[in-house]
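Examining the three-dimensional arrangement
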Amino acid sequence: MVENLARNLVQLKQDFTVAYEGNSHIQEVLPLTKSDLFPLDENHLELLHEFAKKNPIYYNSYEQTIGKVPCLVYEGDINEYWLNSISHGASYQPFYPTWILSAYVISLAAKNLGFKEVLDIGSGDGRIAYCARILGLETFSIEVEESLVNLQKLITISSRIDFNPKCADAVEFNYSDLNLQSPVFFIGGLAQMGGDILANSIIEKLNEIPDIKKNTGITFAGTYSKKYFPGTMSEGMSEGGWKTVIEKNNLKVIQTIILPTVWTFDQPVDTPYIFTKFQ
Ligand SMILES: C[S@@+](CC[C@H](N)C(=O)[O-])C[C@H]1O[C@@H](n2cnc3c(N)ncnc32)[C@H](O)[C@@H]1O
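Nothing here was measured: the structure is a model prediction, and the numbers come from that model.

Once that is clear, we can look at the overall build of the protein. Broken down by element type, the protein carries 9 helices and 10 strands. For the protein, the C-alpha radius of gyration of 18 Å lies close to 19 Å, the compact-globule estimate for 279 residues. By its C-alpha atoms, the protein is 50 × 45 × 40 Å across when sized along the principal axes. Here the protein, with 279 residues, has 56% of them falling under the buried criterion. Contacts spanning at least 24 positions in sequence make up 69% of the contacts within the protein whose residues lie at least 6 apart. Of the roughly 12,300 Å² that the protein leaves accessible, carbon and sulfur atoms contribute 48%. In the protein, which carries 22 positive and 33 negative side-chain charges, the distance between the mean positions of the two groups comes to 6 Å.

A separate point is helix H2 (residues 42-53). Between its first and last C-alpha, H2 extends 17 Å over 12 residues, near the 16 Å set by a 1.5 Å rise per residue. Turning to H2, its buried residues are His44, Leu45, Leu47, Leu48, His49, Phe51 and Ala52. Buried residues belonging to H2 abut strand S1 (26-31), strand S2 (58-66), strand S3 (69-76), helix H4 (100-112), helix H5 (127-134) and helix H6 (146-159).

Right, let's get into the site of the ligand. In the neighbourhood of the ligand, 24 residues make up the surrounding shell, with Ala90, Gly122, Glu143, Asp169 and Ala170 lying closest. Aspartate 120 places a side-chain nitrogen or oxygen 3.4 Å from a nitrogen atom of the ligand. Out of a free accessible area of 600 Å², the ligand has 98% covered by protein chains. Class assignment of the residues belonging to the shell around the ligand gives a composition of 12 nonpolar, 8 polar and 4 charged.

Scoring rules and cut-offs
Residues numbered from 1 in each chain as written. Predicted model: local features only at pLDDT ≥ 70, side-chain atom pairs only at ≥ 80, totals over all residues. Heavy atoms only, no water. Helix = DSSP H or I, 4+ residues; strand = E, 2+ residues; numbered from the N terminus. Rg over C-alpha atoms; globule rule 2.2 N^0.38 Å. Buried < 20%, exposed > 50% of the residue type's maximum accessible area, 1.4 Å probe, protein only. Contact = heavy atoms within 4.5 Å. Areas by Shrake-Rupley, 256 points an atom, 1.4 Å probe, with all protein chains shown as cover. Lys, Arg positive; Asp, Glu negative; His and termini not counted. Charge placed at Lys NZ, Arg CZ, Asp CG, Glu CD. Expected span 1.5 Å × (residues − 1). Near = heavy atom within 4 Å. Polar contact = N/O pair within 3.5 Å; in protein donor to acceptor, adjacent residues only side chain to side chain. Nonpolar A, V, L, I, M, F, W, Y, C, P; charged D, E, K, R; others polar.

Structural data, given as structure tokens:
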């Protein structure tokens, strides 16, 4: 189910890129109904639309059939939040969201892999934690930028889905207080842009919590775009730029899912989400 959903979503995004005639700062699509290509729980699909409708970064939506899939196109602007997010001394990654349906697919993958808690590290507007919560997982949505956390709280109140927004520097956060059993950490950013600092600091903190690592997963957002690997050959690009962190920390890749994100809208290859576990 996860693999098929991901493949169909990548195709939908490619068709949408060709069909889109607007000039909005960001844009994404959500299918309007359950279908063979998108056999989603209808209640969950409704809640994904709720997330977009309650989210002030989107200012417009309209119906359009993309390929054969009737969709709602959402247009938005993240400029103000992007600027706020780079103003922090503790910021290791500016705000760029994944697509809402991509957030749902990776949350579903986390659930299928048996994880019980999702920690969205650098959670932006909270979409990964929101999706994990509607799938019944326990969530912690950690974001350093206050305006984004306020936005998350707004969505929490208006949707009545409490995905647990926390305004904190993920590098300083005390994870041992959370009593985690089987957590997966989603690292919100590319290795080349500072995501590696977030990942390494969290792994160091996990070293201090007895017995936690054997049940813990780390999921990295990678890239295969050559612009992030100037002058390097395919070896440097392997694991989407996370090879060094994976090897150094004795992590094992258990699944890779390629999905659309806002930052790959105009790119032919989408974002690999690399699920790893400690060996
Ligand atoms: C690329 S965005 C990812 C957002 C979200 N995870 C998603 O996929 O839609 C990265 C986010 O990490 C946040 N961030 C950067 N450094 C952080 C830190 N030290 N602690 C917590 N959040 C941080 C930024 O403010 C930004 O919102």
